[in-house]
Amino acid sequence: MTEVPRNFRLLEELEQGEKGSSDGYCSYGLADPDDVLMYNWTASILGPLNTPFENRLYQVSLYCDDNYPKQPPKVRFITRINLPGVNQNTGEVDLRAIEYLDKWKSSYTIHMVLKALFTKMSRKESRLAQPAEHSVYASGSRPPTNQPLQRSTL
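Residues numbered from 1 in each chain as written. Predicted model: local features only at pLDDT ≥ 70, side-chain atom pairs only at ≥ 80, totals over all residues. Heavy atoms only, no water.

A.B. asks: Would you mind going over the overall build of the chain with me for this structure?
C.D. replies: Along the chain, the regular secondary structure elements total two helices and four strands. Ordering the α and β elements of the chain from the N terminus gives α-β-β-β-β-α. Counting only residues that meet the buried cut, the chain has 41% of its 154 residues in that class. If you take every contact in the chain between residues at least 6 apart in sequence, the share linking residues at least 24 apart comes to 56%. Surface exposure of the chain reaches about 9,100 Å², of which carbon and sulfur atoms provide 51%. (Helix = DSSP H or I, 4+ residues; strand = E, 2+ residues; numbered from the N terminus. Buried < 20%, exposed > 50% of the residue type's maximum accessible area, 1.4 Å probe, protein only. Contact = heavy atoms within 4.5 Å. Areas by Shrake-Rupley, 256 points an atom, 1.4 Å probe, with all protein chains shown as cover.)

Below, the structure written as structure tokens:
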């Protein structure tokens, strides 16, 4: 099987994210449109119906390093969430705790990561009391990136 170069693969994923998913529970794209190496991504997940997450919108950041898709992206909730597998202090997601992402394959996509998080939110064991709506992790928490944060100069 021929391996698709990282940037081509991410361009395909960006196109899919910009078109939107037909299931309507998530959207995603580049955090910065000028990020030509496509490292930093942002996503939104709409909480599943009939769960403590219902009617809430969760913001997620993803970092696809140079090893993506051979290695999974680093994933972190920006919006506070009480979900097994999510660090309560930083929002970082332990993909080993998310069903089927625990055995990462290079064929998996950003959309599949988001779908797995949505599915985890739908499970009975995830029906936990949630933090106040619109609360976020401390701004001192770094996004899941190895790159320095860029500061805007206005």
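A.B. asks: Looking at this structure, how should I read the pairing of strand β1 (residues 26-30)?
C.D. replies: Regular strands show a simple pattern: their side chains alternate between the two faces of the sheet. Here β1 lies mainly inside the structure; four of its five residues are buried. Sheet analysis places β1 next to strand β2 (residues 40-46), joined by five bridges and oriented antiparallel. Bridge pairing in β2 places G29 opposite T42. (Pairing = 2+ DSSP bridges.)

A.B. asks: Could you clarify how one ought to interpret the pattern of salt bridges in this entry?
C.D. replies: Considering all chains together, one arrives at six salt bridges under this definition. The salt bridge partner of E99 is R123, with a shortest N-O separation of 2.6 Å. Residue E99 is located in the loop between β4 (74-77) and α2 (110-122), and its partner R123 is located in the segment after α2; the two are separated by 24 residues in the primary sequence. Residue R123 is classed as partly exposed on the basis of its relative accessible area, which comes to 31%. The salt bridge involving D102 is made with K103; its shortest N-O contact spans 3.6 Å. The exposure class of D102 is partly exposed, given its relative accessible area of 36%. (Salt bridge = Lys/Arg side-chain N within 4 Å of Asp/Glu carboxyl O.)

A.B. asks: What's the story with the sheet that holds β2 in this structure? I'm lost.
C.D. replies: An order of β1-β2-β3-β4 is seen for the four strands of this open sheet, with the pairing classed as antiparallel. In this open sheet, the two strands that pair with only one neighbour each are β1 and β4. Here the average twist between neighbouring strands, direction ignored, is 20°. In this fold helix α1 (residues 6-19) packs onto β1 and β2, with an angle of close to 135° to the strand it touches most, β1. (Axes fitted to C-alpha atoms, helices over the stretch in contact; angles between N-to-C directions.)

A.B. asks: Even after reading the chapter, I still don't get the side chain of R9, so can you show me in this structure?
C.D. replies: One can find R9 in helix α1. Given the relative accessible area of 11%, R9 is considered buried. If we skip the residues at most four places from it in the chain, R9 touches V4, Y68, P69, S106, S107, Y108 and T109.

The quantities given are spatial measurements derived from coordinates; they are silent on function.
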